[in-house]
Amino acid sequence: MDKRKNNITSAQLMGLIVSIQVGVGMTGLPSNLATVCGHDGWISVLIYGIIITAVIALIIKLMNRYNNKSIYEINKFLYGKYLGGLLNLLIVLYLWYSVCLCLRSYINVIHADLLRSTPSFVLCVFTLIPTCYLAWYGLKYITRFAQMIYLSIGFCLILYVLVFSELRFNFLMPIAQSGIEGIKASFTPCIFAFLGYDVISIIYPEITNKQKAMKFAIGSNIITTIFFVILVLVTTSFFGEEMLKKSIYPMIKLSRSYRAPIIERMDVLFISVWLPAMAMSIGGYFSVTYYSIRKLLNLKKKVIYLIVFTLITILLSNVPKSISNIKVYTNIMTISGIIFSIFLVICYLFSFIRKKGVNPHV
Amino acid sequence: MYKRIKKTFLLLIIIPFILCGCWDEVIVEKISFLTILGIERAPQGNLEVTYGMPLIDPDVKGSRVEILDTQTNLLRMSTESFDKRASKELLAGKIQLFLYSKELAGEGRIAGINSVLERDKTNAMLTWIIVVDGSPRSLIHQSEENFKDKPITSTYVNSLLERAVRIGNINETRAFNYDLISMAPGIDNTTPMIKIADNAIEVTGSALFSEEKMVGSINAQDSGLLIAMMKTLKNKKYIYNARIPASAKETYSEKLSSAIHLSQNSKKISISIKNNKPVVDIYLDLTGYADDYKWDHLNNQNEVIKVSNYVQEQLRQDCQKLIGYMQFKESDPIGIGDMVRAKHNSYFKSVDWHTAYKGATITAHVKFNLIEYGDIQ
């Protein structure tokens, strides 16, 4: 493996995390939150955003305790060769599962909004071609492309400004009506939206300026949190919680509802700007998974394994057949993500007991 | 090796751009854009649907629009039925107008029918939702057959509505607006109302709704006052037809009335609950420009104050009358219920809002100043 092709900076790591989190996370977040906690979704996002920031800080602290080691090596130090190997396998499976599910969700958006008759299989193939191309070259190129997310976020913010006069802030009142119950109920949708930060534990050794990793990793989560809070505030005050509960992709509906002069149908423009951002969620998970497989199995024949990996991903992504079906699989991904995050925190604590391999460098 | 792989990837990236739309291709020459749709009641709870599609075929002479009618149980099924009769394949992505009959609106069926616009992303959610005083079917047919001096119906009505919004005669009600308001608690919809009048189509005012059902209507002038209470008349060219102080000798209409261009400075709504009843005060601060006024007096400050006070009282009375009518009809387009829900949530939950609204004390307070009167002293 050419080391330099996987080397990334902390700033690039930030772009990658934001793109993984925002790309797929934002599509259903407002409506999922409206279903469980009414018009108070933004409060939940803010609270969980802060909690996730603390988790990210702990993950970075864990990585800092082991010089240039990823969670795969750390597992072997902490749990031994066999148990560590098994845990590594589970992590790779979780990542692969995330790739397949993100790909399926992405295809579903295209199906629902753009190309109704095009077979999912064909869309999967065409979606993964650029992802494969980038993954072939390494993490550096994926993370460079991931910076596109800022453009998409910028476009969304412009759309928010454009619809500002249509917002009804009364729809957000009374504040905190759903109470603690609402915050508890919004755990699953919020965590699903924030997932993606956990890739830090895998690609950390590839970061060149590790002393800034903490700052940028936390920065990425702050960007995502602010963006999600604004997203939920705007969509809730635009649609109201009752309408929001009926929508699957409120952000796309918002773009359909704005009457743009000349362009006329804003949704087409929005989708064309948002698709690369959503694809980056897949790209991020895809490249990290492929990177993990190569690293763990120490693969030499890069082309063959990339093609095999891609084909299996396409086949697996076609397993969920409907939106309700995807929701069931999404819950599994969320639970897996939560377990993985808790596991990383446990690893950090356990590293103080079992000190093999500990070599703080930052 | 790397160069070959690079070329292969490049080719694979280009292919989708070449093949895009193979499955979902739309050839413009082979389709008809549905631009206007009329829906009214049919026997057995069905729908009478009328489609209007502009003809862009140079071979068809003498007709500008292809019109099709059918009776159906679902709007989507009418497309299936029309596809068997229309000259070209139908596409609804450019639909501009949904015309509903008054009877259908009175049954509260609009939001249910609109669901097709929300569900299918190829439909335009910016479609106007309009109530027709009379039959939408007859309006579309008459307009195409008799109004040869006008543009095609969809363009004509669309232009009428956009102008009516600019002059504050109607509230802009697109499909997405209508649907979200119909679901929001404590606020009711309004839609533009149109009818055939002489040799034209006329925007008559607004239809008022209560819990999704059309319950009444107001004229264009009252719609403007309603907009002042709902949103703002700022940047609108709303003209208020005011009565002015006149002497006993002045009996002709031009001496008794004035056209005043109203502009809104501010709006404030204060709500409190007293004796388990909502008490609402609506404060409107308006200024005016006398566009049409008899030849004299307005250079005199006292006369301006006198006219301002006279018009102010009329505006207050008209607003109060309008509020009374809306309360009587249990229609709350101002969204007072929504404000009560936001500020007095426990009270809102404890009552049936429309009943409470009917018994609420709502008072309009209008401040009006005539500030301009043109180039005549």
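Residues numbered from 1 in each chain as written. Chains lettered and ligands numbered in written order. Predicted model: local features only at pLDDT ≥ 70, side-chain atom pairs only at ≥ 80, totals over all residues.

1. Here's the deal with the overall build of chain B
Short version of the rule: Segments assigned H or I by DSSP are reported as helices when at least four residues long, segments assigned E as strands when at least two residues long, and all are numbered from the N terminus. In this scheme the burial state of a residue depends on its C-beta neighbours within 10 Å: 20 or more other such atoms mean buried, 12 or fewer mean exposed, and anything in between means partly exposed; the C-beta positions come from the backbone. With C-beta atoms placed from the backbone, a contact is any residue pair whose C-beta atoms sit within 7 Å.
Helix and strand counts for chain B come out as 13 helices and 14 strands. Counting across all 377 residues of chain B, residues that qualify as buried make up 39%. Expressed as a percentage of contacts within chain B between residues at least 6 apart in sequence, the contacts between residues at least 24 apart total 69%.

2. Some details on the sheet that holds strand β2 (residues 36-41) of chain B
Residue and element names in this part refer to chain B. For clarity, the cut-off: Paired strands are those between which DSSP finds at least two bridges. Under this scheme, a helix contributes an axis fitted over its contacting stretch, all axes are lines through C-alpha atoms, and angles between N-to-C directions fall in the 0 to 180 degree range.
Taking strand neighbours across the sheet as the criterion, the eight strands line up as β4-β3-β2-β6-β7-β8-β9-β10 in an open arrangement whose pairing is mixed. Of all the strands in the sheet, just β4 (65-72) and β10 (213-219) have a single pairing partner and so form its edges. Averaged over all pairs of adjacent strands, the angle between their axes in this sheet comes to 30°, without regard to strand direction. Relative to strand β6 (residues 97-101), β2 runs parallel, the two being bridged by four bridges. Residue pairing for β6: isoleucine 36 is matched across the bridge by leucine 97.

3. Topic: the environment of Ile51(A)
Residues and elements named next belong to chain A. Here isoleucine 51 shows up in helix α3 (residues 41-65). Here isoleucine 51 falls in the partly exposed class, since 14 other C-beta atoms lie within 10 Å of it. When the C-alpha positions of isoleucine 51 and asparagine 298 are compared, they lie 36 Å apart, and in sequence the two are 247 residues distant.

4. A few points about the sheet that holds strand β14 (residues 361-372) of chain B
All names here are of chain B. Taking strand neighbours across the sheet as the criterion, the four strands line up as β11-β12-β13-β14 in an open arrangement whose pairing is mixed. Since the sheet does not close on itself, it has two edges, and those belong to β11 (238-243) and β14, each with one partner. Each strand of the sheet is rotated relative to its neighbour by a mean of 40°, with strand direction disregarded. When strand β13 (residues 277-292) meets β14, the two strands line up parallel, connected through eleven bridges. By the bridge assignment for β14, glycine 288 is matched with leucine 370. Its contacts with the sheet place helix α11 (residues 336-343) against β12 (257-274) and β13, and it is angled at close to 30° to β12.

5. Considering the domain arrangement of chain B
Residue and element names in this part refer to chain B. Applicable threshold: Each domain's extent is set by a domain assignment, obtained either automatically or from a database. When residue character is reported, Ala, Val, Leu, Ile, Met, Phe, Trp, Tyr, Cys and Pro are called nonpolar, Asp, Glu, Lys and Arg charged, and the others, Gly included, polar.
The domain boundaries assigned to chain B delineate domain 1 (30-231) and domain 2 (233-377). Summarising the inter-unit geometry, the C-alpha centres of domain 1 and domain 2 are found 30 Å apart. Contact with domain 1, which involves 26 residues of that partner, is made by 30 residues of domain 2. Contributing elements (two or more residues each) for the side of domain 1 that touches domain 2: β9 (200-210), β10 and α8 (220-230). In terms of residue class, the side of domain 1 that touches domain 2 is made up of 14 nonpolar, eight polar and four charged.

6. Some words on the interface of chain B and chain A
The partner chain A presents 22 residues to the 19 residues of chain B that form the contact. Elements with a contribution of two residues or more to the side of chain B that touches chain A: α1 (2-19), α7 (175-183) and α11 of chain B. Tallying contributions element by element places α1(B) first for the side of chain B that touches chain A, with five residues. In the side of chain B that touches chain A, the residues fall into 14 nonpolar, one polar and four charged.

7. Here we look at the environment of Ser223(B)
Summarising the element assignment, Ser223(B) is placed in helix α8. C-alpha of Ser223(B) to C-alpha of Ser206(B): the two residues are 17 residues apart in sequence and 6.2 Å apart in space.

8. Some points on the nonpolar core
Worth spelling out the cut-off: Among buried residues, those of type Ala, Val, Leu, Ile, Met, Phe, Trp, Tyr and Cys that are joined through C-beta atoms within 7 Å form a set called a nonpolar core.
Residues Leu13(A), Ile200(A), Leu37(B), Phe98(B), Leu99(B), Tyr100(B) and Ile130(B) are the most contacted members of the largest nonpolar core, which totals 197 residues. Composition of this core by domain shows at least three residues from each of domain 1 (30-231) and domain 2 (233-377) of chain B.

9. What to know about the packing of helix α2 (residues 10-37) of chain A against helix α6 (residues 139-146) of chain A
Residue and element names in this part refer to chain A. Put simply, the rule is: Working definition: roughly parallel below 35 degrees, roughly antiparallel above 145 degrees, roughly perpendicular at 65 to 115 degrees, and oblique for all remaining angles. Less than a right angle of anticlockwise turn of the near helix away from the far helix marks a crossing as left-handed, whereas a clockwise turn marks it as right-handed.
Where α2 meets α6, the closest approach of the two axes is 8 Å, and the angle between their N-to-C directions is 65°. The angle between the axes of α2 and α6 places the two elements in the roughly perpendicular class. Crossing geometry of α2 relative to α6 is assigned as left-handed. Contact with α2, carried on its side by Gln12, Leu13, Gly15, Leu16 and Ser19, involves Thr143, Arg144 and Ala146 of α6 and no other residues of that element. Split into classes, the residues belonging to the contact of α2 with α6 amount to three nonpolar, four polar and one charged.

10. With respect to helix α12 (residues 250-257) of chain A
α12(A) sits mainly inside the fold: eight of its eight residues count as buried. Taken together, the buried positions of α12(A) are occupied by Pro250(A), Met251(A), Ile252(A), Lys253(A), Leu254(A), Ser255(A), Arg256(A) and Ser257(A). Those residues of α12(A) that are buried are in contact with α2, α4 (71-113), α7 (148-162), α11 (213-246) and α13 (266-297) of chain A together with α7 of chain B.

11. A short note on the pairing of β2(B)
Side-chain positions along a regular strand alternate between the two faces of the sheet. Residues and elements named next belong to chain B. Burial of β2 is extensive: five of the six residues sit out of reach of the surface. Of the pairings in the sheet, the one linking β2 to strand β3 (residues 47-54) comprises six bridges and is antiparallel in character. Bridge pairing links isoleucine 39 to valine 49 in β3. Counting the residues that bridge the hairpin from β2 to β3 gives five residues, and of these glutamine 44 lies at a positive phi of roughly 60°.

12. Thoughts on the packing of α4(A) against helix α5 (residues 120-137) of chain A
All names here are of chain A. Direction vectors running N to C along α4 and α5 enclose 115°, while the axes themselves pass 10 Å from each other. For α4 against α5, the interelement crossing comes out right-handed. Contact residues: Leu103, Tyr106, Ile107, Ile110 and His111 in α4; Ser120, Leu123, Cys124 and Thr127 in α5. Here the residues of the contact of α4 with α5 sort into six nonpolar, three polar and no charged.

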